[in-house]
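# An overview of the molecular structure
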Amino acid sequence: MALSYPARIPLAQLPTPLQPLDRITEKYSTPHGGPRIWVKRDDLTESGMSGNKLRKLEFVAGAAREQGCDTLITCGGIQSNHCRTTALVGAKLGMRVQLILRGEHSGAADGNLLLDELAGAAATFYPPRQYFEQLQELFSHWETFYAERGHKSLCIPTGASDGLGIWGYLAGAEELHSDCTSVGFEPEHIICATGSGGTQAGLTLGMHLLGSSSRVTGFAVCDNAEYFKRKVREDIHEWQQMTGAEFSGHDLDISVNADYIGPGYAIADEPVYRAIAEAASLEGLVLDPVYTGKAFYGLLQELHKGSYQDCKNLVFVHTGGQFGLFPHRENFSFLR
Ligand SMILES: Cc1ncc(COP(=O)(O)O)c(C=O)c1O
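Residues numbered from 1 in each chain as written. Predicted model: local features only at pLDDT ≥ 70, side-chain atom pairs only at ≥ 80, totals over all residues. Heavy atoms only, no water.

### With respect to the environment of Gly120
Along the chain, Gly120 falls in the loop between helix H4 (111–119) and strand E5 (122–126). Classification of Gly120 by relative accessible area gives exposed; the value is 58%. Each C-alpha atom of the pair Gly120 and Arg96 lies 8.4 Å from the other, and the pair is 24 residues apart in sequence. (Helix = DSSP H or I, 4+ residues; strand = E, 2+ residues; numbered from the N terminus. Buried < 20%, exposed > 50% of the residue type's maximum accessible area, 1.4 Å probe, protein only.)

Here's what the structure looks like:
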C-alpha cells in the first residue's frame, strides 16, 4: 500500500544508523547458534531531542502548524523522555509548551526535567492519583487556560501514541526495512521497548504494509501484555479511521513480551543495571533503566534461553532515553 504521509516538520537526523552488535552477539550465542544482533540507533535522531518520540513529533508538529496552534500540551512522568522532546521541539519551533507531570518535584531538576526547564517549558506537577484519575480534565483545564489568553493548543496524548503519532514509526519501519535490504537481510525479529504502544504500533503496521515477514515484539515496561495488545490495536484503528485506509487489521500479529517489567514502571532490579553496564562496556551503547535497558535485559535473557536460536538476524530498536539514566546513578554502586 502506498502511504500518503500527512504534514511533517523535519526535525530528526534521518536515516539513523543500523549497526551490528558483534561483541554482544558473540557473548550471547548459544552452542546451537543464535542471531546476529543489530541495533537501529534511534537514540541518534538528534542530540537533546534524541529518541523515538522525535519521529512521532515530526508529524504532531506538522499537524499543530497546519491547525494554527501555537501551544503544545502534553503529559508524562517527571523523567518523561516524551515531555523533554516536546519541550525542546516547542522551543525550536517557537511554540509554547505546557507539561502535565506526574509526581512531586523538590530540589534541583535532573535528567529530562532539567532539559524541560532549559527549554523554557511550563511544568505543573500532580500527585499520581490525581494525574491518573483526572488526566483528561487536566488537559481541558490547560487548553482553556491558554485559550483564554488567546492561544490555540494541540493536546498530545501520553507518548504521542495515537493515530497521528503512529506515522512516526510507519516512516521508521520504511527506513528500517530499507536499511536491512541494503545490507542484504530481512530480520526475523524486531524488538523495541513498549511504554505507551505507539512505537510498536507503527513498526507492526509498517512492516505489515511493507509485506515484510519480520515479527515486531514490544518488551513492555509497564502494564501487561493484554493492555498493550489492545492499545496497539486501538492506535492502528484510529490511524485507519483518520486515513480511511482499507486494510484488515485482524490478521496483524501483535506480539508483546511482558516478562521483564520487574518491580514496576521506572523501577528496576540490579540485573537491569548490570545489562546497561554490559551494553556500555561491550558496545559503547548507552541505555536507560526505564525503557531500553529493561527491554535489552529482556532480550539478553531470551537469547540466553535460546528463544531466538533459529533466527539469523534480529534488530533491537534503540529508542533513546539516555537522560533518564542519570537520576538512577545510585543504582550503579556495583561498578565501584
Ligand atoms: C526511551 C524510550 N523508549 C521507548 C519508549 C516506548 O515507546 P512508546 O511510548 O511508543 O511505547 C519510550 C516512551 O514511552 C521512551 O521514552
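### Some details on the environment of Asp179
Looking at the element boundaries, Asp179 is found in helix H6 (residues 166–183). In this structure, the C-alpha to C-alpha distance between Asp179 and Lys40, residues 139 residues apart in sequence, is 9.2 Å. Beyond its immediate stretch of four places on either side in the chain, Asp179 contacts Pro15, Thr16, Leu18 and Lys40. (Contact = heavy atoms within 4.5 Å.)

### Comments concerning the sheet that holds strand E6 (residues 153–155)
Whether parallel or antiparallel, the strands of a sheet pair through hydrogen bonds between backbone atoms. In spatial order, the strands read E5-E4-E3-E6; together these four strands make up an open sheet with parallel pairing. Unpaired on one side and paired on the other, E5 and E6 mark the two borders of the sheet. Taken over all neighbouring pairs, the strand axes of this sheet differ in orientation by 20 degrees on average, direction set aside. Pairing geometry for strand E3 (residues 71–77) and strand E4 (residues 96–102), over seven bridges, is parallel. (Pairing = 2+ DSSP bridges. Axes fitted to C-alpha atoms, helices over the stretch in contact; angles between N-to-C directions.)

### Structural notes on the packing of H6 against helix H7 (residues 198–209)
Where H6 meets H7, the closest approach of the two axes is 7 Å, and the angle between their N-to-C directions is 50 degrees. Of the possible angle classes, the one that applies to H6 and H7 is oblique. In this structure, H6 crosses over H7, and the sense of that crossing is right-handed. Here Ile166, Tyr169, Leu170, Ala173, Leu176 and His177 of H6 lie close against H7, whose contacting residues are Gly198, Thr199, Ala201, Gly202, Leu203, Leu205, Gly206, Met207 and Leu209. For the contact of H6 with H7, the class distribution of residues is ten nonpolar, five polar and no charged. (Parallel < 35°, antiparallel > 145°, perpendicular 65-115°, else oblique. Left-handed = near helix turned anticlockwise from the far one by under 90°. Nonpolar A, V, L, I, M, F, W, Y, C, P; charged D, E, K, R; others polar.)

### Focus on the site of the ligand
Taken together, 16 residues surround the ligand, and among them Lys53, Lys56, Ser196, Thr199 and Thr319 come closest. Contact between the ligand and Lys53: an oxygen atom at 3.0 Å from a side-chain N or O atom of the residue. Thr199 has a polar side-chain atom sitting 2.7 Å from an oxygen atom of the ligand. At three residues, the largest contribution of residues to the shell around the ligand is made by helix H2 (residues 52–66). Considering only residue class, the shell around the ligand consists of two nonpolar, twelve polar and two charged. (Near = heavy atom within 4 Å. Polar contact = N/O pair within 3.5 Å; in protein donor to acceptor, adjacent residues only side chain to side chain.)

### Details of the sheet that holds strand E10 (residues 313–318)
Taking strand neighbours across the sheet as the criterion, the six strands line up as E1-E2-E10-E7-E8-E9 in an open arrangement whose pairing is mixed. Two strands lie at the open edges of the sheet, namely strand E1 (18–20) and strand E9 (255–257), each paired on one side alone. Neighbour-to-neighbour, the strand axes of the sheet open up by a mean angle of 30 degrees, direction not taken into account. In the sheet, strand E8 (residues 215–220) pairs with E9 via three bridges, with the strands oriented parallel. By the bridge assignment for E9, Thr217 is matched with Ser255.

### Observations concerning helix H3 (residues 81–93)
It helps to recall that an α-helix has 3.6 residues per turn; residues three or four apart then point in one direction. If you check H3, its first and last C-alpha atoms are 18 Å apart, about what 13 residues at 1.5 Å a residue would give, namely 18 Å. Burial analysis of H3 places eleven of its 13 residues in the buried class, the great majority of the element. Among the residues of H3, those classed as buried are Asn81, His82, Cys83, Arg84, Thr85, Thr86, Ala87, Leu88, Val89, Gly90 and Leu93. In the core, the buried residues of H3 are packed alongside H2, E3, E4 and H4. You can read the cap of H3 off the contacts: a side-chain oxygen lies 3.2 Å from the backbone nitrogen of His82, and it is on Ser80. (Expected span 1.5 Å × (residues − 1).)

### Section: the pairing of E8
Most of E8 sits inside the fold, with five of its six residues counted as buried. Pairing geometry for strand E7 (residues 189–194) and E8, over six bridges, is parallel. Residue pairing across strands places His189 opposite Arg215, the latter belonging to E8. Taken together, E7, H7 and E8 form a β-α-β motif whose crossover is right-handed. Crossover handedness for the path E8 to helix H8 (residues 225–243) to E9: right-handed. (Right-handed = clockwise from strand over helix to strand, strands pointing away.)

### Things to note about the side chain of His318
Tracing the chain through its elements places His318 in strand E10. In this structure His318 comes out as buried when scored by relative accessible area, which is 0%. Excluding residues that lie within four positions of it along the chain, His318 makes contacts with Val39, Lys40, Arg41, Asp42, Asp43, Leu285, Val286, Leu287 and Thr292.

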